[in-house]
Amino acid sequence: MIFYFFQPNYLIIYNQLIYFVFFVVDNVNFLWISLNLILALSIILFNPKIPTKFTLLLICGILILTNFLISSNFKITSIVFSFFLIISSVFQLGFIENNIKNFDLKKFIKNTVYLFFIFYCIQAFLHFFGIYELNLFGSAIENESLFRFNSLMAEPSYSSTAMVALLFINQRINKKSKSLLIETLGSIFIFLCQSLFGILLFIFYVIIYHRKNFKILFYFEILIFLIITIFFLYSEYFTRIITIIEFIYYNDFDVLEIVKVEPSGAFRIVPLIIYIENFEFSLLSNYLFGYGSGSSESFLNYELFKIGYGLSEYEGLFQGGFLPSFLIDYGLIITGLFLYTIKTIFLLKNDIFQYLILLSILLNVNINTQLFWFPLFLFFTAKVYEKNIS
């Protein structure tokens, strides 16, 4: 089983997914960075040719690298890191495509769902009984229940989003043999993570796919949802939802004010709204070409502090998701090109749900994170798999 994880194709994708706290220092995942470097250099050593299909992605990387030429305000470490991730991804994705016949995507998804679910159960059990803190990160360290653990990613919201992506690909490539057990374990896992963002995304998934492909599971999920709603009606989780509904109903709705009742969920969408509301035609060149890498941190920290986030308007590392942090740093032109590149290289044909997954990621994390790259690697692999294997 251990040898399975070290097979090149599997190692490449698992490296974009799994987050081991032991290798994280000052929020930098050194294992992820090191393996990206080692894998890319190993592939270059044996096959230095860059596939032409990744030309647009390379152009995006080069434009990011030259950001300092058009902006006096830039963060060189951020520029170099983003460029490194793009270049290393190009070679790793090329390797996956060239060796797709040696990759069992169905097995990968099944094993990954099992792995995340079992690891979550062990993690929660050990912490709940005070035995050991296994890969706990962030708010999970303070957990006093069996919910909201991070499993093998940095946050519960990341884990639940990754699980939805896995389930989406699972039902797409298993059209003839439906995997009810995988869908069921995935559903339980997402509920355990208790991420409002992840659950909303999963609800769309259930309505679109379970209703059509897993009818028994769909009816069972409705029943469980009703039971849980009644049983946990006064729990903190449902209180949050009720508070949001009441807030919207009884107030002249200002989306920025939602921070007061749901700061965690609002943090995903408020930065983009702030970016749009601050638009000025007099600064059009900055909006087109960006304010410089790293500018989003200071801008968002100042603006978010004004509506209730943080302890100081000058301290903090608020970056927001790819939207709007990438927009602020690099501008509309590079952002538009990058999004078009994602559509042409990574996304599958004839399935709108993948755009919901992508949107949730773009609002949740920036380009220099595993959650940004894992779904792209997964979608690309599925796209190549469908073309050559299915």
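Preceding this section is the structure that the text describes.
Source: prediction; values computed, not measured.

The next thing to look at is the overall build of the chain. If you tally the helices and strands in the chain, you get 18 helices and 2 strands. Each of the 390 residues in the chain was classed as buried or not, and the buried ones make up 50%. When contacts within the chain are restricted to residue pairs at least 6 apart in sequence, long-range pairs at least 24 apart make up 71% of them. Put simply, the chain shows about 19400 Å² of open surface, and 68% of that area lies on carbon and sulfur atoms.

Next up on the list: the packing of aromatic side chains. Counting across every chain of the model gives 36 aromatic pairs. Seen in terms of ring centroids, F147 and F191 are 5.6 Å apart; in terms of plane orientation they differ by 85°. Their pairing is edge-to-face. Note that F147 is positioned in the loop between helix 7 (105–128) and helix 8 (156–173) and F191 in helix 9 (residues 180–193), a separation of 44 residues in sequence. Among the residues examined, F147 registers a relative accessible area of 23% and is labelled partly exposed.

Further remarks concern the environment of Q354. Its location among the elements puts Q354 in helix 17 (residues 353–364). Here the alpha-carbon distance between Q354 and I169, two residues 185 residues apart in the chain, equals 9.3 Å. Not counting chain neighbours up to four residues away, the residues in contact with Q354 comprise F168, L347, L348, K349 and F379. Side-chain polar atoms of Q354 contact the backbone oxygen of L348, separated by 2.6 Å.

Before going further, it helps to examine the packing of helix 4 (residues 55–65) against helix 16 (residues 322–345). The geometry of helix 4 relative to helix 16 is characterised by a closest axis approach of 9 Å and an angle of 170° between their N-to-C directions. With respect to their mutual orientation, helix 4 and helix 16 come out roughly antiparallel. Between helix 4 and helix 16, the contacting residues are L56, L57, I59, C60, L63 and I64 on the first element and F326, Y330, I334, L337, F338, Y340, T341, T344 and I345 on the second. Taken together, the residues of the contact of helix 4 with helix 16 break down into 13 nonpolar, 2 polar and no charged.

This part takes up helix 2 (residues 8–15). Given 3.6 residues per helical turn, the α-helix brings residues three or four places apart onto the same face. Among the 8 residues in helix 2, 7 count as buried, and that is most of the element. Among the residues of helix 2, those classed as buried are N9, Y10, L11, I12, I13, Y14 and N15.

This paragraph deals with the packing of helix 8 against helix 17. Taken N-terminus to C-terminus, the directions of helix 8 and helix 17 make an angle of 160°; their axes are 11 Å apart at the nearest point. With respect to their mutual orientation, helix 8 and helix 17 come out roughly antiparallel. In the crossing of helix 8 with helix 17, the sense of the turn from one axis to the other is left-handed. Along the contact surface, helix 8 presents S157, Y158, T161, V164, A165 and F168, while helix 17 presents F353, Q354, I357, S360, I361 and N364. When grouped by side-chain class, the residues that make up the contact of helix 8 with helix 17 number 7 nonpolar, 5 polar and no charged.

A word on the side chain of Q123. With respect to the helices, strands and loops of the structure, Q123 is situated in helix 7. By relative accessible area, which is 0% here, Q123 ends up buried. A distance of 2.9 Å separates a polar side-chain atom of Q123 from the backbone oxygen of L134. Within the structure, Q123 has its side chain in polar contact with the side chain of N150 (distance 3.4 Å).

Looking now at helix 4. By the burial criterion, the buried members of helix 4 are L57, L58, C60, G61 and I64. The arc enclosing the buried residues of helix 4, seen along the axis, measures out at 155°, which places them on a common side.

This model, assessed by the stated rule, comprises 4 salt bridges. With its nearest N and O atoms 3.2 Å apart, the salt bridge here joins D351 to R172. Of the two residues, D351 sits in the loop between helix 16 and helix 17 while R172 sits in helix 8, which places them 179 residues apart along the sequence. Residue classification places D351 among the buried residues on the basis of a relative accessible area of 13%. The closest approach of N and O atoms between R172 and E386, which form a salt bridge, is 2.5 Å.

Turning our eyes to something else, we now look at the side chain of T341. With respect to the helices and strands, T341 occurs in helix 16. Taking the relative accessible area as the measure of exposure, T341 reaches 0% and is therefore buried. Setting aside residues up to four positions removed in sequence, T341 forms contacts with L56, L57, C60 and F346.

This part takes up a nonpolar patch on the surface. A cluster of nonpolar residues, F68, L69, I70, F74, I76, V80, F289 and I333, forms a patch on the protein surface that exposes about 760 Å² of accessible area. Elements supplying a minimum of two residues to the nonpolar patch: helix 5 (67–70) and helix 6 (76–98). Of the residues forming the nonpolar patch, the biggest block, 3 residues, is contributed by helix 5. Along the chain, the position of I70 falls in helix 5.

This brings us to the nonpolar core. Formed by 104 residues in total, the largest nonpolar core has its most connected members in L105, F108, I169, F338, F372 and W373. Sorting elements by how many residues they give to this core places helix 18 (residues 370–388) first, with 12 residues. Not counting residues up to four positions away in its chain, the partners in contact with I169 are L105, I109, L348, L378, F379 and A382.

This part covers unusual backbone geometry. Backbone torsion omega between L323 and P324 reads 20°, so that peptide bond is classified as cis. Residue placement: P324 occurs in helix 16. One non-glycine residue, R148, lies in positive phi territory at about 65°. Its identity is not glycine, yet N350 carries a phi of approximately 60°, on the positive side. Among the secondary structure elements, N350 is positioned in the loop between helix 16 and helix 17.

Reading guide: rules and limits
Residues numbered from 1 in each chain as written. Predicted model: local features only at pLDDT ≥ 70, side-chain atom pairs only at ≥ 80, totals over all residues. Heavy atoms only, no water. Helix = DSSP H or I, 4+ residues; strand = E, 2+ residues; numbered from the N terminus. Buried < 20%, exposed > 50% of the residue type's maximum accessible area, 1.4 Å probe, protein only. Contact = heavy atoms within 4.5 Å. Areas by Shrake-Rupley, 256 points an atom, 1.4 Å probe, with all protein chains shown as cover. Phe/Tyr/Trp six-rings, centres within 6.5 Å; stacked < 30°, edge-to-face > 60°. Polar contact = N/O pair within 3.5 Å; in protein donor to acceptor, adjacent residues only side chain to side chain. Axes fitted to C-alpha atoms, helices over the stretch in contact; angles between N-to-C directions. Parallel < 35°, antiparallel > 145°, perpendicular 65-115°, else oblique. Nonpolar A, V, L, I, M, F, W, Y, C, P; charged D, E, K, R; others polar. Left-handed = near helix turned anticlockwise from the far one by under 90°. Arc of directions from axis to C-beta. Salt bridge = Lys/Arg side-chain N within 4 Å of Asp/Glu carboxyl O. Patch = residues over 30% accessible without salt bridge, like charges linked within 9 Å, V, L, I, M, F, W, Y side chains within 5 Å. Core = buried A, V, L, I, M, F, W, Y, C linked by side-chain atoms within 4.5 Å.

What is shown is where atoms sit, not what they do.
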